[in-house]
Amino acid sequence: MQPVLDLSKTYAVALEGGGAKGGYEIGVWKALDEAGVRVEAVSGTSVGALNGALMTMHAYDKALEAWSNIKMTSVMAIGESEAADLKRMLSGNVPLLELPDYLPKLLGLIDQRGLDVAPLRAWIRQLVDPAAIRSSDISLFVTTVSLTERKGLEIKVNDLDSDDAIFDMLLASAYHPAFKNEPLFDGKQYLDGGAFDSLPLHVLIDNGYRNIIAVRLPGGLGIDRWFRMPDDAHITTIKPNVDLGGTLDFDAERSLFHMKVGYFDTQRALYGLYGRRYYVRRTLSDRNALDWILDRYERGGTEEPLRKRIEQTLPAEARRLDARDGDYYELMLAILEEEALQRGVDPFCIRTDRELMRASADAELARRKAESSDAESTKPKAESAQL
């Protein structure tokens, strides 16, 4: 495939904060590296700062291992049973009648001071190599908030003198409001950088970078810092179209899924693929798409007049599928994706539109054969019961 991103240029990467969703950024990193995208700077907030440090170190294998094995107890000083209770509450799976039993447990964990993140401190010191950051060919910027000084900060980590300063500034950027807030090496207290700039584009622009890849992790409580974007800035945004879960729901299995989504979402951005949940190389024209849609309705046995179908039914379908923008191809793909998802077609594969049509049709045929086989297998039992 031919990339739509100009690989002759170098890029800066902005990594948004998102806690447990950070595995997504590791998937993005893998895809960028495979495509040969040259990165000269990384900015990160919260978990984006930690992932940015690993990118600056060129330590992909270390990042992959860390996120493939992460769990709540890797970040917070709680027991396995407490982690299970917290996980259940964060996922919203606690029935209303059981809330009175769970709330005291949550309050006991927080202990009016916040969740103890001693494991996170140790995790950062285990993963991060300050010497590798200082000597890196990639510049690393992180954002945080100094509670002591009551101001937001943008820090170039490569320039920090001491190892403790590097470790603690990465921790400061990730100091979620739910965490126990303790003074760091300099005696000051800090807050998660998401309270200042969740997607740190400003620091990159301010330092002269103009070709930027922005990696979003929607669903957090972060703030996007407003500033006037220069006319010569070019931002390529990569973001998920699926729910990645909660900010504190650290789980290895979910992280593996996040990495896969991040990897394929980056393929979509790099190669101009179509689709929301699938990754589709376009081969059909707008007219081909309209013919497919009309043929689909005709195969469904509708006797609706053609004009009514085009002027009323299709616009209504576009509204339902949130495909009002774009051409008939966008609507066709929205319909096709909905059917493919319902039929269980694996999204994590790059296909042409025709290949996705065949995969969806094959899945439907397999379903009907299975149903027919099940019906045949139960038939003798029913006859036997009647006898």
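Everything below is about the structure shown above.
Computed from a predicted structure; not experimentally measured.

Draft legend 1. How the structure looks around the overall build of the protein chain. On a plain count of helices and strands, the protein chain comes out with 15 helices and nine strands. Across the 387 residues in the protein chain, those meeting the buried criterion constitute 47%. Of the roughly 19500 Å² of accessible surface on the protein chain, 49% is carried by carbon and sulfur atoms.

Draft legend 2. Broad picture of the packing of aromatic side chains. Counting across every chain of the model gives eight aromatic pairs. With 6.3 Å between their ring centres and 65 degrees between their planes, F141 and Y209 make a pair best called edge-to-face. With F141 in strand β3 (residues 139-146) and Y209 in the loop between α10 (202-206) and β6 (211-215), this pair connects stretches of sequence that are 68 residues apart. Residue F141 shares its accessibility class with Y209, and that shared class is buried. We note R282 situated over the ring of Y329; from NZ or CZ to the ring centre the distance is 3.9 Å. Sitting over the face of the ring of Y297, R296 holds its NZ or CZ atom 5.8 Å from the ring centroid.

Draft legend 3. Structural view of helix α7 (residues 118-127). Buried within α7 we find P119, L120, W123, I124 and L127. Taken down its axis, α7 places every buried residue within 140 degrees of arc, on the same side. Packing partners of the buried residues in α7 comprise α2 (47-56), α3 (60-68), α4 (72-75) and α9 (163-173).

Draft legend 4. Expanded view of the packing of helix α1 (residues 23-35) against helix α11 (residues 252-271). Here α1 crosses α11 at 45 degrees, and the two axes come no closer than 6 Å. The pairing of α1 with α11 is recorded here as oblique in orientation. Considering only the axes of α1 and α11, their crossing is right-handed. In this structure, α1 uses G23, Y24, I26, G27, V28, K30, A31, L32, E34 and A35 to contact α11, whose residues at the interface are H258, M259, V261, G262, Y263, D265, T266, Q267, L270 and Y271. Grouping the constituent residues of the contact of α1 with α11 by class yields eleven nonpolar, six polar and three charged.

Draft legend 5. The arrangement of α2 in detail. Counted residue by residue, α2 has ten buried out of ten residues, so it is predominantly covered. Of the residues making up α2, those classed as buried are V47, G48, A49, L50, N51, G52, A53, L54, M55 and T56. One or two positions beyond α2, positive phi appears at H58, with a value near 60 degrees.

Draft legend 6. Layout of the pairing of β6. With five of five residues buried, β6 is to be regarded as a mostly interior element. Both faces of β6 are covered, namely the face carrying N211, I213 and V215 and the face carrying I212 and A214.

Draft legend 7. Structural context of the pairing of strand β4 (residues 151-156). Relative to β4, β3 is paired through six bridges, and the arrangement is antiparallel. Pairing of F141 across the sheet is with K156, part of β4. Between the antiparallel neighbours β3 and β4 lie four residues, among them R150 with a positive phi of about 60 degrees.

Draft legend 8. The pattern of salt bridges, seen in detail. By the definition in use, this model includes 23 salt bridges. Among the salt bridges present, the one from E338 reaches R320, with a minimum N-O distance of 2.8 Å. Of this pair, E338 sits in helix α14 (residues 328-342) while R320 sits in helix α13 (residues 306-320), placing them 18 residues apart in sequence. Take R320: its relative accessible area is 48%, and that puts it in the partly exposed class. Residues joined in a network through salt bridges with shared partners are R343, E364, R367, R368 and E371.

Calculation rules
- Residue positions are given per chain, counted from 1 along the sequence in the order it is written.
- Given that the model is predicted, a residue must reach a pLDDT of at least 70 before its local features are reported, and side-chain atom pairs must reach 80 or more before they are shown or counted; all residues, however, enter totals for whole chains, interfaces and linings.
- Water and hydrogen atoms play no part in the side-chain values, which are based on all heavy atoms of the structure.
- A helix here means a DSSP run of H or I that spans at least four residues, while a strand means a run of E at least two residues long, and both kinds are numbered starting from the N terminus.
- Only protein chains enter the accessibility calculation, which uses a 1.4 Å probe; a residue whose area is less than 20% of its type maximum is buried, one above 50% is exposed, and one in between is partly exposed.
- For every accessible area listed, the method is Shrake-Rupley and the probe measures 1.4 Å; residues are considered covered only by the protein chains on display.
- Classification of ring pairs rests on two measures: the distance between centres of Phe, Tyr or Trp rings, Trp counted by its six-membered ring, which must be within 6.5 Å, and the angle between planes, read as stacked under 30 degrees, edge-to-face over 60 and tilted in between.
- For a ring to carry a charge above it, either NZ of a lysine or CZ of an arginine must fall within 6 Å of the ring centroid while also lying within 35 degrees of the normal to the ring plane.
- Directions from the helix axis toward the C-beta atoms define the arc.
- Contacts: residue pairs with any heavy atoms within 4.5 Å of one another.
- Inter-axis angles, ranging from 0 to 180 degrees, are taken between N-to-C directions of lines fitted to C-alpha atoms, where helices are fitted over the stretch in contact.
- Roughly parallel means an angle under 35 degrees; roughly antiparallel, over 145; roughly perpendicular, 65 to 115; everything else is oblique.
- Each helix crossing is assigned a hand: it is left-handed if the near helix lies turned anticlockwise from the far helix by less than a right angle, otherwise right-handed if that turn is clockwise.
- Throughout, the ten residues Ala, Val, Leu, Ile, Met, Phe, Trp, Tyr, Cys and Pro are labelled nonpolar, Asp, Glu, Lys and Arg are labelled charged, and all others, Gly among them, are labelled polar.
- The criterion for strand pairing is that DSSP finds at least two bridges linking the strands in question.
- What makes a salt bridge here is a side-chain nitrogen of Lys or Arg within 4 Å of a carboxyl oxygen of Asp or Glu, nothing more.

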